Amino acid sequence: MIGLISATAAGAAARDRLAAAWPDRTRVYDGPVSGAVRAAFAECEQLVCFLATGAVVRLLAPLLADKRTDPGVVCVDEGGRFAVSLVGGHGGGANALAREVGALLGAEPVVTTATDAVGLPGLDTLGCPVEGDHARVTRALLDGEPVALDAEVPWPLPALPLTGPGAAAYTVRVTDRDVAPGEREVLLRPPSLVVGVGASKGAPVAEVLELVEGALRDAGLSARSVAGLATVHAKAKEPGIVGAAERLGVPVVTYSAEELSQVEVPNPSDAPLAAVGTPSVAEAAALARGGELLVPKRKSAGRPARATCAVVRRPGRGRLAVVGLGPGARDLLTPRALAELRRASVLVGLDQYVDQIRDLLRPGTRVLESGLGAEEERARTAVAEARRGHAVALIGSGDAGVYAMASPALAEASDDIDVVGVPGVTAALAASAVLGAPLGHDHVSISLSDLHTPWEVIERRVRAAAEADIVVTFYNPRSRGRDWQLPKALGILAEHREPGTPVGVVRNASRADESARVTTLAALDPATVDMMTVVTVGNTATRRIAGRMVTPRGYRWQEGSE
């Protein structure tokens, strides 16, 4: 819960906007400010104070105890100009909250945490429990000292300026083993362990918990790397299992007996088969999504034993984000695309697209770039890097799913990696916005490049669009080596449309050297078009109104405009 505190009418107005936008996340604290801050500090995970920073500092000072447990605090000035991350930037989530508040209220987020200031993710913000002196190792990163990465368990971490295992004075070790950090070492505990659990009806929480913790301890594994307890559907609400999961702070994941019966295990048994319909619960549930069996089925110490468990290590699944960069303008790059660029440890893309966003990458991002004509190779490279357990961003212009990298990448990828699609503003949409509203009704995009598609197929599609009276946007309309396709396509359209049909021509939409014009089907000179141009041909309803190209959503007003 986020506590909201204000002292003036201006602050209350901004406070109420936040409360209205986040009704399930916020609670307004009225009354004297000092009492409101004390109450919110004790009851909420985060605070947003619409007060001067000096006042908030004085009110918070006697309440602060430990940055690992104190709530995150964001301070918004009376004018709503700035959202300042004041306390708990990483641990309390104040940095992220300041950005959220800023986006909602139109305020500038102010984040002064050292790592954020230079574009480094904090070691305590990587989604894994952290052990060791992370402040000291972070300082080494900030000072440019060599810090080695020792990934005992491959895990898709964001970019960090780390070297491979070696003789560096500082180390970041990714491990699920129960070891203590060295003097200049940080341990990251990835959620790589799954504990399968079976239990008789009424098995005590203490017995299940003792069994799980003992299995981990005897195998030298850290309980902080347990991602969840897995069991059969029939035991989803078994108090002993649910209570043990709550004590460990992990979820309970369940599978049907049919699913578990299909999992090969080393120690099947007739008892669970008779009780819940599968020859294995603990081992099968732990292995249901693959992995390495580290601890075979073992029984609890009770007499009789009322619980069983098994432990599996699941390697971190690599992550492939296919990111559309938009048409080129920085303000048309979506926030989601930016987040994926900063999350990736490996970036794969066409060299000219990499140059567009190189300044947005975090230090330590490995960039794999190549030239025109290597789309399939880039797709294979991106998928291969994801299969090695990395967080990969594969970039393309516009929307990555439109004549770009999504289709070759997804054709190469299988279900052994996570794939995320990030939409972008396409060239057709960017050009349409410049021209007016030419895509107001049914429309189609057709690439005139016959490098991947035979011209006979392209011509058939152009003819179908012409006969169906659909607005057409041509991608890849003309290059030095392909100068006849556009005149041919325009000729096909001219068989079904009047010479005065509006045609929009936009070059480098949204970029600094953008140019646009509206002409007609008869007047368009194909020689003025190149590969950086998008050509949009209207249908029989498209009109030129006040210099803009408009296709009405309905055709009923068409007769009155003749």
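Residues numbered from 1 in each chain as written. Predicted model: local features only at pLDDT ≥ 70, side-chain atom pairs only at ≥ 80, totals over all residues. Heavy atoms only, no water.

(A) Summary view of the overall build of the chain. Of the regular secondary structure elements, the chain holds 18 helices and 28 strands. Across its three principal axes, the chain shows a C-alpha extent of roughly 90 × 65 × 55 Å. Residues classed as buried in the chain amount to 48% of the 562 residues present. By sequence separation, contacts in the chain at least 24 residues apart represent 64% of the contacts at least 6 residues apart. For the chain, the exposed area adds up to about 26,100 Å²; of that, 52% sits on carbon and sulfur atoms. Seen as two clouds, the 59 positive and the 65 negative side-chain charges of the chain have centres 2 Å apart. (Helix = DSSP H or I, 4+ residues; strand = E, 2+ residues; numbered from the N terminus. Buried < 20%, exposed > 50% of the residue type's maximum accessible area, 1.4 Å probe, protein only. Contact = heavy atoms within 4.5 Å. Areas by Shrake-Rupley, 256 points an atom, 1.4 Å probe, with all protein chains shown as cover. Lys, Arg positive; Asp, Glu negative; His and termini not counted. Charge placed at Lys NZ, Arg CZ, Asp CG, Glu CD.)

(B) Region of the structure containing the sheet that holds strand S8 (residues 147-151). Strand order across the open sheet formed by four strands is S7-S10-S9-S8, with mixed pairing between neighbours. The open sheet is flanked by strand S7 (130-132) and S8, the only strands paired with a single partner. Between one strand axis and the next, the sheet turns by 20° as a mean value, whatever way the strands run. Here strand S9 (residues 170-174) runs beside strand S10 (residues 185-188); their pairing, made up of four bridges, is parallel. The residue bridging Val174 from the neighbouring strand is Leu188, located in S10. Seen against the sheet, helix H6 (residues 134-142) touches S7, S8, S9 and S10 and runs at an angle of roughly 115° to S9. (Pairing = 2+ DSSP bridges. Axes fitted to C-alpha atoms, helices over the stretch in contact; angles between N-to-C directions.)

(C) Main features of unusual backbone geometry. In this structure, Asn476 takes a positive phi of about 45° despite not being glycine. Structurally, Asn476 can be placed in the loop between strand S23 (471-475) and helix H18 (485-494). Owing to a relative accessible area of 24%, Asn476 belongs among the partly exposed residues under this scheme.

(D) Examining the pairing of strand S11 (residues 193-199) more closely. In terms of burial, S11 is largely enclosed, as seven of its seven residues are buried. With four bridges joining them, S11 and strand S12 (residues 226-232) adopt parallel strand pairing. Each residue of the ladder has a partner; that of Val194, found in S12, is Gly228. With helix H7 (residues 205-218) bridging S11 and the parallel S12, this β-α-β connection has right-handed handedness. Sheet topology note: the S11/strand S15 (residues 307-313) ladder contains seven bridges and is antiparallel. Counted as the bridge partner of Gly198 is Thr308 from S15. (Right-handed = clockwise from strand over helix to strand, strands pointing away.)

(E) Representation of the pattern of salt bridges in the model. Scanning the entire structure with this criterion turns up 29 salt bridges. Linking Arg139 and Asp143 is a salt bridge whose minimum nitrogen-to-oxygen distance equals 3.8 Å. Since its relative accessible area comes to 46%, Arg139 is described here as partly exposed. Arg173 is the salt-bridge partner of Glu185, the closest N and O atoms lying 3.0 Å from each other. A residue pair is termed long-range when its members are at least 10 positions apart, and Glu185 in strand S10 and Arg173 in strand S9 qualify at twelve residues. No difference in accessibility class separates Glu185 from Arg173, as the two residues are buried. Several salt bridges share partner residues, and in doing so they unite Glu152, Arg173, Arg177 and Glu185 into one network. (Salt bridge = Lys/Arg side-chain N within 4 Å of Asp/Glu carboxyl O.)

(F) Representation of the sheet that holds strand S21 (residues 436-437) in the model. In space, the three strands of this open sheet follow the order S21-S28-S27, with mixed pairing throughout. A strand with exactly one partner marks an edge of an open sheet, and here the two such strands are S21 and strand S27 (543-545). Examined bridge by bridge, S21 and strand S28 (residues 548-550) share two bridges and lie parallel to one another. Residue pairing in the sheet places Gly436 in a bridge with Met549 of S28.

(G) Expanded view of helix H12 (residues 335-343). Burial in H12 covers these residues: Ala337, Glu340 and Leu341. Taken down its axis, H12 places every buried residue within 100° of arc, on the same side. Across H12 from its buried face, at more than 90 degrees, point the exposed residues Pro335 and Arg336. (Arc of directions from axis to C-beta.)

(H) Spotlight on the packing of H7 against helix H8 (residues 239-248). Packing of H7 against H8 brings their axes to within 8 Å, and their N-to-C directions diverge by 55°. Between H7 and H8, the angle falls in the class oblique. Here H7 runs over H8; the crossing is right-handed. In contact with Val205, Val208, Leu209, Val212 and Glu213 of H7, H8 contributes Pro239, Gly240, Ile241, Gly243, Ala244, Arg247 and Leu248. For the contact of H7 with H8, the class distribution of residues is eight nonpolar, two polar and two charged. (Parallel < 35°, antiparallel > 145°, perpendicular 65-115°, else oblique. Left-handed = near helix turned anticlockwise from the far one by under 90°. Nonpolar A, V, L, I, M, F, W, Y, C, P; charged D, E, K, R; others polar.)

(I) The environment of Leu229, seen in detail. Tracing the chain through its elements places Leu229 in strand S12. Note on Leu229: relative accessible area 1%, which makes it buried. When sequence neighbours within four positions are dropped, the list of residues in contact with Leu229 reads Val195, Val197, Ile241, Ala244, Ala245, Leu248, Val250, Pro251, Val252 and Val253.

(J) Fine view of the packing of aromatic side chains. Here the structure, examined in full by the defined rule, presents two aromatic pairs. On the basis of an interplanar angle of 55° and a centroid distance of 4.8 Å, the ring pair of Tyr403 and Tyr475 is categorised as tilted. Highlighted residues: Tyr403 in the loop between strand S19 (391-396) and helix H15 (406-412) and Tyr475 in strand S23, separated in sequence by 72 residues. Since its relative accessible area comes to 45%, Tyr403 is described here as partly exposed. Considering the side-chain rings of Trp455 and Trp484, the 5.1 Å spacing of their centres and the 70° angle between planes classify their relative orientation as edge-to-face. A residue pair is termed long-range when its members are at least 10 positions apart, and Trp455 in helix H17 (residues 455-467) and Trp484 in the loop between S23 and H18 qualify at 29 residues. (Phe/Tyr/Trp six-rings, centres within 6.5 Å; stacked < 30°, edge-to-face > 60°.)

(K) Up close: the packing of helix H1 (residues 9-21) against helix H4 (residues 94-105). Where H1 contacts H4, the two axes come as close as 11 Å, and the packing angle between them is 105°. On the basis of their axis angle, the class for H1 and H4 is roughly perpendicular. Contacts from Ala14, Arg17, Leu18 and Ala21 in H1 reach Val101, Leu104 and Leu105 in H4. For the contact of H1 with H4, the class distribution of residues is six nonpolar, no polar and one charged.

(L) Quick look at H8. Gly240, Ile241, Gly243, Ala244, Ala245 and Leu248 are the residues of H8 that are buried. Against S11, H7, S12 and strand S13 (252-255) lie the buried residues of H8. Gly249 sits one or two residues past H8 and shows a positive phi near 75°.

Bear in mind that shape data such as this cannot, by itself, settle questions of function.
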